[in-house]
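Per-entry structural report
Residue strings, one per chain:
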Amino acid sequence: MINELFLFSHNYRLSRTQVIINSDFSYQGGAEGIKKLFAFTKPPSAIFCHNDIMAIGAIWQAKRMGLTLPRELSIIGFGNLNFAQYSEPALTTIEQPRFEIGRQAMLLLLAKIEGHGIDKNAKLLDCHLIIRDSVCPPKN
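Description of the structure in this document. Predicted model, so just to flag it, every value in this text is computed and none were measured.

1. Things to note about the packing of helix 2 (residues 27-37) against helix 3 (residues 52-64)
- Relative to each other, helix 2 and helix 3 sit at 50°, their axes nearing to 6 Å. Viewed along their axes, helix 2 and helix 3 adopt a mutual orientation that is oblique. Remark: the crossing between helix 2 and helix 3 carries right-handed chirality. On helix 3, the residues touching Tyr-27, Gly-29, Gly-30, Ala-31, Ile-34 and Lys-35 of helix 2 are Ile-53, Met-54, Ile-56, Gly-57, Ala-58, Trp-60, Gln-61 and Ala-62.

Encoded structure:
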């Protein structure tokens, strides 16, 4: 559920125990991703979803499949949308700096309008892990 091109462009290689499932960024995409992951002989004990919406869909599907969260499966989202804290279990997520993303985009746009050159390199902004109830320590 993470962009493979991003990982490879940053010289990150997946180990044999790491899997990426491609799907859309919806509730249904998260639910379908869980079905695919649990079709493997050895399903994962934790997943990181591309966004909170997918993670909520993954939680819904995991519960429909009879899994106990987070004991049997830990799920982490990305975005810290307001409703993430109200899911059951409450979703652990990565909070992205939305205001700073918007500010940086505005500064780039202003620089472009004013005819200045724009640095095409990516800007890294700090994110924060918001730990809630959808994760637990690994079993081994």
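2. Concerning unusual backbone geometry
- Here the bond from Leu-69 into Pro-70 is cis, since omega is 0°, no more than 30 degrees from zero.
- Looking at the secondary structure, you find Pro-70 in the loop between helix 3 and strand 2 (74-78).
- Each neighbour pair has its own omega, and for Glu-88 with Pro-89 the value is 0°, a cis peptide bond.
- Even without being a glycine, Asn-80 presents a positive backbone phi close to 50°.

3. Observations concerning the nonpolar core
- Counting residues in each nonpolar core, the largest one holds 17 residues, and the members touching the most others are Ile-47, Cys-49, Ala-58, Leu-69, Leu-73, Ile-75 and Leu-91.
- Of all the elements in the fold, those that place two or more residues in this core are helix 2 and helix 3.
- Examining the composition of this core, we find that six residues originate from one element, helix 3, more than from any other.

4. Here's the deal with the sheet that holds strand 4 (residues 128-130)
- The sheet built from four strands is open, its strands ordered 1-2-3-4 with mixed pairing. Either end of the sheet is taken by a strand with one partner, and the two such strands are strand 1 (46-48) and strand 4. Each neighbouring strand pair of the sheet contributes to a mean axis angle of 20°, computed without reference to strand direction.
- Pairing of strand 3 (residues 92-95) with strand 4, which is carried by three bridges, proceeds in the antiparallel orientation. Note on strand 4: the bridge partner recorded for Ile-94 is Leu-129.

5. With respect to the pairing of strand 2
- Pairing of strand 1 with strand 2 involves three bridges; the strand directions are parallel. Within strand 2, the position partnered with Ala-46 by the bridge is Ser-74.
- Remark: the strand 1/helix 3/strand 2 crossover connection has right-handed handedness.
- Note: strand 2 against strand 3, three bridges, orientation parallel. In the sheet register, Phe-78 faces strand 3, and the bridge partner there is Ile-94.

Conventions and cut-offs
Within every chain, residues take consecutive numbers counted from 1 along the sequence as written. With the structure being a predicted model, the display of local features is reserved for residues of pLDDT at least 70 and the display and counting of side-chain atom pairs for 80 or more, all residues being used for whole-chain, interface and lining totals. Excluded from the side-chain calculation are hydrogens and water; included are all heavy atoms of the structure. Between N-to-C directions, angles span 0 to 180 degrees; the directions come from axes that are lines fitted to C-alpha atoms, helices contributing only their stretch in contact. Runs of E in the DSSP output that reach at least two residues are strands. Runs of H or I that reach at least four are helices, and both are numbered from the N terminus. Our angle categories are set so that under 35 degrees counts as roughly parallel, over 145 as roughly antiparallel, 65 to 115 as roughly perpendicular, and the remainder as oblique. Note on convention: near helix rotated counterclockwise from far helix by under a right angle means a left-handed crossing. Clockwise means right-handed. Note on contacts: a residue pair is in contact if any heavy atoms of the two residues lie within 4.5 Å. Within this scheme, the nonpolar core is defined by two criteria: the residues are buried Ala, Val, Leu, Ile, Met, Phe, Trp, Tyr or Cys, and they are joined through side-chain atoms within 4.5 Å. Partly exposed residues are those whose accessible area sits between 20% and 50% of the maximum for their type, while under 20% is buried and over 50% is exposed, using a 1.4 Å probe and protein chains only. A pair of strands is considered paired only if DSSP assigns at least 2 bridges between the two. When the strands point away from the viewer and the connection leading from the first strand across the helix to the second strand turns clockwise, the crossover is called right-handed.

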